[in-house]
Amino acid sequence: MSGFKEPGFADRQKAAQRARENLLKRFREQPGPDDPEVARRRAERAAIAANRERVRQEREAAKAEQKRREEEAAALEAARIAREKEEEAARQAALLAEQKAKRDARYAARKARGKRK
C-alpha cells in the first residue's frame with residue numbers, strides 16, 4: 001500500500017489554474033444588472049429599505065411625542081410646586097400677620113389696664 005503522494009510543482013500549478021478558471025466561470029455565470037431577477041431583488045431590497053426608513057421615522061416621531069408629553073408634564077408639575085410654594089408663603093404671611101395682630105392686641109390690652117389704675 002502506497003502512502004500519500006506529495007504534489008509536485010506542476011500539480012500545484014495545474015490545481016491553481018483550475019481554481020482560477022472555476023472562479024472566472026462562476027463570475028461569468030452570474031446574471032447581469034439588466035437581468036429581471038436582479039431587478040426584482042433590487043426592487044425588493046429598495047422596498048425593504050423604504051419600509052425600514054418609514055418605521056424608523058415613526059419610531060422617532062413617537063419618541064419626540066413622548067418627550068414632548070414628559071416635558072409638558074414636568075412643566076405642569078413645576079407650576080404646581082411653584083403655586084403651592086406661593087400659597088404656603090401667603091399662609092405663612094397671613095399667620096404672621098394674625099399672630100402680630102394678637103400680640104398687638106395683648107400689648108394694647110396690657111397698656112389699657114395699666115392706664116386704668
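Now for a look at the structure at hand. Computed from a predicted structure; not experimentally measured. (Residues numbered from 1 in each chain as written. Predicted model: local features only at pLDDT ≥ 70, side-chain atom pairs only at ≥ 80, totals over all residues. Heavy atoms only, no water.)

### Re the overall build of the chain
To be explicit about the condition: The helix and strand labels rest on DSSP assignments: H or I over at least four residues marks a helix, E over at least two residues marks a strand, and numbering proceeds from the N terminus. Between buried and exposed lies partly exposed: a residue is buried under 20% and exposed over 50% of the maximum accessible area for its type, with that area taken using a 1.4 Å probe on protein chains only. Note on areas: these come from Shrake-Rupley sampling with a 1.4 Å probe, and a residue is covered only by the protein chains present in the view. When charges are counted, Lys and Arg contribute as positive and Asp and Glu as negative, whereas His and the chain ends are disregarded. Think of each charge as sitting on NZ of Lys, CZ of Arg, CG of Asp or CD of Glu.
Helix and strand content of the chain: two helices and zero strands. Taken along the three principal axes of its C-alpha coordinates, the chain extends 145 × 45 × 20 Å. Here the chain holds 117 residues, and 1% of them are scored as buried. Split by element, the accessible area of the chain, about 11,100 Å² in all, is 57% carbon and sulfur. Taking the 34 positively charged and 22 negatively charged side chains of the chain as two groups, their mean positions are separated by 10 Å.

### What about the pattern of salt bridges?
Keep this limit in mind: Salt bridges are identified by distance alone: a Lys or Arg side-chain nitrogen within 4 Å of an Asp or Glu carboxyl oxygen.
Applying the stated rule across the entire model yields 14 salt bridges. The residue K100 makes a salt bridge to D104 at a minimum N-O spacing of 3.1 Å. Taken together, the residues span about one helical turn, with K100 and D104 both in helix α2 (residues 36-116) at a distance of four residues. What makes D104 partly exposed here is its relative accessible area of 38%. Put simply, E37, R40, R41 and E44 are held in one network by salt bridges that share partners.

### Considering the environment of Q17
Tracing the chain through its elements places Q17 in helix α1 (residues 9-29). Separated by ten residues in sequence, Q17 and P7 have C-alpha atoms that sit 15 Å apart.

### Focus on a positive patch on the surface
Our working rule: Note on patches: the residues involved have over 30% relative accessible area and no salt bridge, like charges join within 9 Å, and the nonpolar side chains Val, Leu, Ile, Met, Phe, Trp and Tyr join within 5 Å.
The grouping of R103, R106, R110, K111, R113 and K115 at the surface amounts to a positive patch. Secondary-structure assignment places K111 in helix α2.

Bear in mind that shape data such as this cannot, by itself, settle questions of function.
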